[in-house]
Amino acid sequence: MDTVQLTIDKKPVVVKKGITILDAAKGMGIHIPTLCHMKLDDLNIENRPGGCRICVVEVNGRRNLAPACCTEVAEGMVVSTHSIRVINARQTVLELILSDHPADCLICVKSGKCELQDMAHHLGIREIHYKGEQSTYREDTSPAIIRDVDKCIMCRRCEMMCNEVQTVGVLSAINRGFQAVVSPAFEMNLDHSVCTYCGQCVAVCPTGALTEVDQTSHVVRALSDPTKTVIVQTAPAVRAALGEEFGMEAGTLVTGKLAAALRNLGFDYVFDTDFAADLTIMEEGTEMLNRLSRFLEGDENVKLPILTSCCPAWVKFFEHQFPQLKDIPSTARSPQQMFGSIAKTYFADKMSIRREDLVVVSIMPCVAKKYECGRDEFKVNGNPDVDYAITTRELAGLIKLANINFNRLPNEDFDLPLGESTGAGVIFGTTGGVIEAAVRTAYELYTKKPLPKLDFHELRGMEGIRQATIDFAGFPLKIGIAHGLGNARRLLERIESGESEFHAIEIMSCPGGCIGGGGQPYHHGNAEILKKRQIAIYQEDGNKKIRKSHENPYIIQLYEEFLGKPMSEKAHHLLHTKYFDRT
Amino acid sequence: MTKIKTLADLLKIKEEVQSKTKLREKSDHPEQLVQVKVGMATCGIASGAKETMKYFIDELEQQAIDALVTQTGCMGYCYAEPTVEVILAGKDPVVFGFVNKEKAEEIIDVYIKRGELVDGVIPLSFRTIDD
Amino acid sequence: MTDYKMNLLICGGTGCKAAESDELKRSFKHWIEEVGMEDEAQVVFTGCFGFCEKGPIVKVLPDNTFYVEVTPSDVEVIVKEHLVKGRPVSRLLYKDPVTKKQISESKSMDFYKKQLRIALRNCGFINPESIHEYIARDGYMALGKCLSEHTPEEVIKEIKDSGLRGRGGGGFPTGLKWEITRESVSDQKYVVCNADEGDPGAFMDRSILEGDPHSVIEAMAICGYCIGADKGLVYIRAEYPLAIERLKIALSHAREYGLLGEDILGTGFNFEIDIRLGAGAFVCGEETALIHSMEGLRGEPTFKPPFPSVSGYLGKPTNVNNVETFANIPVIINKGAGWFNQIGTEKSKGTKVFALAGKINNVGLIEVPMGTTLREVIYDIGGGIKDGKEFKSVQTGGPSGGCLTKEFLDTPIDYDNLIAAGSMMGSGGMIVMDEDDCMVAIARFYLEFTLEESCGKCSPCRIGNKRLHEILEKITNGNGEVVDIERLRLLSSVIKDTSLCGLGQTSPNPVLSTILNFEHEYLAHVTDKKCPSGQCKALLQYDIIEDLCTGCTLCFRNCPVGAITGERRQPHYIDQTLCIKCGVCYDKCKFNAIKLS
Ligand SMILES: Cc1cc2nc3c(=O)[nH]c(=O)nc-3n(C[C@H](O)[C@H](O)[C@H](O)COP(=O)(O)O)c2cc1C
Ligand code: SF4
Ligand code: SF4
Ligand code: SF4
Ligand code: SF4
Ligand code: SF4
Ligand code: SF4
Ligand code: FES
């Protein structure tokens, strides 16, 4: 391995050739502040426009300062990361950024989690010497995301996410000079664009320029309305991340505390989306087997591979970008919507609550779910199956607002019947989990034999595109997995070009799957956090007594009492959906 | 045009075109062949070089003066656009500045036809690589 | 047909005291008639010789005798001695300032040598739409020689030896750039010609493409041969329709003749050139931004390294050179590196084209050897300051450059000297300012430009330049404070120190150099609230001089905001709080009763 020797802050160091000054310093424990730069290790995600100029350092022999995030180390380089010249430059640059930024910290949703605010604190900014005009833009509200562009600092992280990682291409820099800003083309509204609401832009925005639509006040209002029965479902990935909002180590499972907190907040029933995930497996797994057996029988009309459909951003993505493939994804609704549908029929009937008086709230790691629950096909006479979807972050805010000491809460259980779930439902929260859950059930339904092992390690991991072949009692089932819409696109293109053949494919929009969702506590560019959440999810799965969806007793009961069998007429009506060409 | 296939071909063409231009100068009516080059770069066009050129073409034709009016690039005297270079057979080129219609008329009548210089000559102020 | 044997050319340009020239002409006519030579000698006015220091000037043709500082009283001897007897009047001849020898032939005068046209050699000489005329002037000979007689390494060595440096502003050694691009290993490489020319006031690249497009085509092909590329791209701004048209014609002629395309001159070398139109900002001239723009991306710079020579267009090694740089190449090949590197200074070889503009008599394109002084350019070639005003400053390098004072007039122009003086060569804009120009307003003007043309990618340039501009506006509006000058300095230095690309790294130069050289003007604005050159409207004050005011009410009736009061036949009065300084009253008053201060 080639190395170079250089001196950083008077200390000599030998580092790998080709790395940046930033990384070299980091290795020595020297922190160089950065604002625009963001790198998610192992996910191949890096934003390095070299635009904010906060990371500048002094390199001997150079005329001007060098951005540490972009400058490669070189033999004999002498670097000062905190000289007077550097500190003055950093402070001045930050002052400039702040001089074009609304001083809204007191009322900004990002306050306390804002990288710009932190930076102002870190660099000891006490006065802005260069005041002047501030750029102003129209605020843009969509069903899921608010763009408060006045707070944009042009770090371009969202643009990189939307273009390079998601290949959706909605956000890009427009205008020049002082008016330059990141926006959909022609400053059109997000909801007129092909935005998928994946929320990855929100997940990485260092400031309050991109945030989710806050619906906590609606939830509070519903909770305080005595005429309403308010029930809540919580998605698998929430329990693996919520603790971070309360100072816990990433990867701490807080399932019990989560249930307790929701109950404390006053929800009448505290249910689990994992239950609906099990239900999804029943429907999707059955659909997959049907298609597969018809395919094997030589039916020409059958389309393979089957694609998962539980991620609403992915659904919107293919509706815009691959409408020709809209017959291929499973017609199964997402767990959130299955839950809402069952809650407002089966459960409402059971409890004799009128649909109008039942409010379904979901706690989601996801921003797109806000949009999904508003889709027309998920409403009955204008009344949505899911009334409000709030993010993990919003829930944390609500818990803090209600003065609940989360860390001291006892562990509680979910309510029945819609709170019982299996390990298969839990792993929906990570990339590879949906397909693993489906395999566990499909295998047994197909082979009529019990699985020899439950853990399919070949399906797990953080690789952007993964593939595996599972032996279905002699039949080699070819499985593909993609997370991140860019990877999904590449996988679909491989299929279209005939380069790859699969029977079933899982697609999740967010890097890492829902654990990396746009509504999760901010990772601030630390990919370790995602990995720890993933470990937690598999840990929860391992802890479950029942780990196969078709063995969930309440699922079995639901079919017996209400739905009949998977893919029945009723199931079709309540649990399946159709897709639209949005081009 | 046929393709030039070798360096020797190129040299031949060069000689041809050079002798052609020379020949043109020494043609049947040496005293009458006049070359007029109008500076037709953006700066010239903006100040009316197109009109000037058209005027020269029309006028010289009408008066049956055997002349060759061509365009050329910016001569550098942008302060004096439109500029026109006139080469009378056997004489050094002369550049005139601010050549509008009236001036063009004067150049044709006085310089081209009678060989008398007119006001507004621009002195050449540079060397070329051949000097 | 009168066949004059002699011509007397009298400079009638605005530079020489026009009245005196008139007088001279009359005097000459008179004496010529007196000696009866009116049929033999003709007297004409010419444009400015650009040698106003020594004006008025009289040139006698055909012998090219050059008389300087001619007064009407000298006319008689010139006529009687020179015209009648054919003996030049030696006391009026130009004396070489170094050798002190009298020189009679204008072609051997230093002044005449001050301009040397290499890049512009064919501009204004050949018909740009005729490939024959180009070939007649050695066109494509250099390409032919390179392809058939030299290896790429030899050609690169020749370019290196010539000392040619990039004319696009940076001054990077061209041969070295070619060598680096040659050494980058890749299956595909590109030659890019940068014809974006965004510097306001610069138009040398346009003129070359309009006047001599083949020279650029030929040079690009030579470059392609050297670096191992078979594809060239010309990035030209869409606002240059004529240059585009001429380039297209030239390309098609070159193709028809097989001087572009496959197997050029039977050597097996292939080269094709495409045109890419840019509609971008000034920043699109920056090479990485230019490449992104050609790739269909937003025209904004990216961090270097990697340099285009290593990873450029579509990620392939790309050699980017400026139009003028290319235009020098064929000459270097034809005349040899040794010929070329004789011209210029130690570290800057050859010539540079400048677009002279501003308060100067001979605005236009000039090409001078490196090492020519600013004084020679401004006075000898440019013909001095318009209307006999006082020289104040010269701005070189466009929005990236600085404003230099009288003290720098004798600085030989080259890359390094200009930088040392606090300015830049830039692409060759040169704007001359006189006593009427306000340096604070000039700095503000350049900042305005930068503000429009910055891509906005990096914070110091996006916001910092805006703040600089705001402070300058504040000062020119009369609201400046002394600390503002210090703020300008501090902010400028941080912007230079931290910006991503050359635009931001140099955009504060006009501010810094004007503060450095004209701090008193800044101080006058902020402390006395006065604009010494009377350019900053907000700092003007119109007053009525009571003694001169007849009370005619004309000003009263014309003031658009009703700031003037007064009784008929009584002195009027201007309410300064209402006055918007439109100057109408000043223009209207017939009694010069309104003064401006
Ligand atoms: C803001 C900015 C604008 C530039 N504009 C131009 C331009 O208009 N034309 C040009 O040739 N070079 C321009 N350059 C320089 C190019 O980046 C590049 O250095 C040049 O084209 C290289 O060619 P050369 O080596 O022949 O000069 C610009 C640079 C900067 C930083
Ligand atoms: S985005 Fe950050 S710095 Fe800006 S107002 Fe919000 S919390 Fe404050
Ligand atoms: S939500 Fe996703 S698709 Fe929409 S703008 Fe953000 S990153 Fe792009
Ligand atoms: S919206 Fe946010 S992420 Fe996007 S560029 Fe602006 S500050 Fe950065
Ligand atoms: S992967 Fe999960 S969090 Fe991300 S958009 Fe899809 S459903 Fe939402
Ligand atoms: S210095 Fe200015 S033009 Fe250059 S990258 Fe930064 S913002 Fe863009
Ligand atoms: S300058 Fe204009 S506004 Fe002021 S007093 Fe005169 S006319 Fe009125
Ligand atoms: S962090 Fe390096 S430029 Fe922004």
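Please refer to the structure placed before this passage.
Scoring rules and cut-offs
Residues numbered from 1 in each chain as written. Chains lettered and ligands numbered in written order. Predicted model: local features only at pLDDT ≥ 70, side-chain atom pairs only at ≥ 80, totals over all residues. Heavy atoms only, no water. Contact = heavy atoms within 4.5 Å. Buried area = accessible area lost by both parts, 1.4 Å probe. Salt bridge = Lys/Arg side-chain N within 4 Å of Asp/Glu carboxyl O. Pairing = 2+ DSSP bridges. Helix = DSSP H or I, 4+ residues; strand = E, 2+ residues; numbered from the N terminus. Axes fitted to C-alpha atoms, helices over the stretch in contact; angles between N-to-C directions. Buried < 20%, exposed > 50% of the residue type's maximum accessible area, 1.4 Å probe, protein only.

### Some points on the interface of chain C and chain A
- Taken residue by residue, the interface counts 32 residues in chain C and 36 residues in chain A.
- Contact with chain A buries area across many residues of chain C, yet C:Phe303, C:Arg467 and C:Asp497 alone supply 23% of it, more than any other trio.
- Run the count over chain C and chain A and you get 3 salt bridges.
- A salt bridge links A:Arg156 to C:Glu300; its shortest N-O distance comes to 2.6 Å.

### Digging into the sheet that holds strand S6 (residues 66-67) of chain A
Residue and element names in this part refer to chain A.
- Read from one edge to the other, the open sheet built from 5 strands follows the order S2-S1-S7-S5-S6, with strand pairing classed as mixed. Each edge of the sheet is formed by a strand with only one pairing partner; in this case those strands are strand S2 (11-16) and S6.
- Against the sheet, helix H2 (residues 84-99) engages strand S5 (56-59) and strand S7 (78-80), with an angle of about 155° to S5.

### What about the sheet that holds strand S21 (residues 475-483) of chain A?
All names here are of chain A.
- Spatially, S15-S22-S21-S20 is the arrangement adopted by the 4 strands of the open sheet, whose pairing is mixed. Two strands bound the open sheet, and with one partner strand each, they are strand S15 (306-307) and strand S20 (465-472).
- Summarising the sheet, S20 and S21 pair through 8 bridges and their orientation is antiparallel. Bridge pairing in S21 places arginine 466 opposite isoleucine 481.

### Quick word on the pairing of strand S3 (residues 84-88) of chain B
Residues and elements named next belong to chain B.
- The element S3 is extensively covered by neighbouring structure, given that 5 of its 5 residues are classed as buried.
- Residues Val84, Val86 and Leu88 point to one face of S3 and Glu85 and Ile87 to the other, with burial holding for every one of them.
- As paired strands, strand S1 (residues 34-39) and S3 are joined by 5 bridges and run antiparallel to one another. When the bridges of S3 are listed, valine 34 appears paired with leucine 88.
- Taken together, S3 and the strand that follows it, strand S4 (residues 94-96), pair antiparallel across an intervening segment of 5 residues, in which glycine 90 is found at a positive phi of about 80°.

### Section: the arrangement of the chains
- Once contacts are tallied for each of the 2 pairs of chains in contact, the highest total is for chains B and C.
- One thing to see here is that chain A and chain B don't touch, and their nearest C-alpha atoms sit 28 Å from each other.

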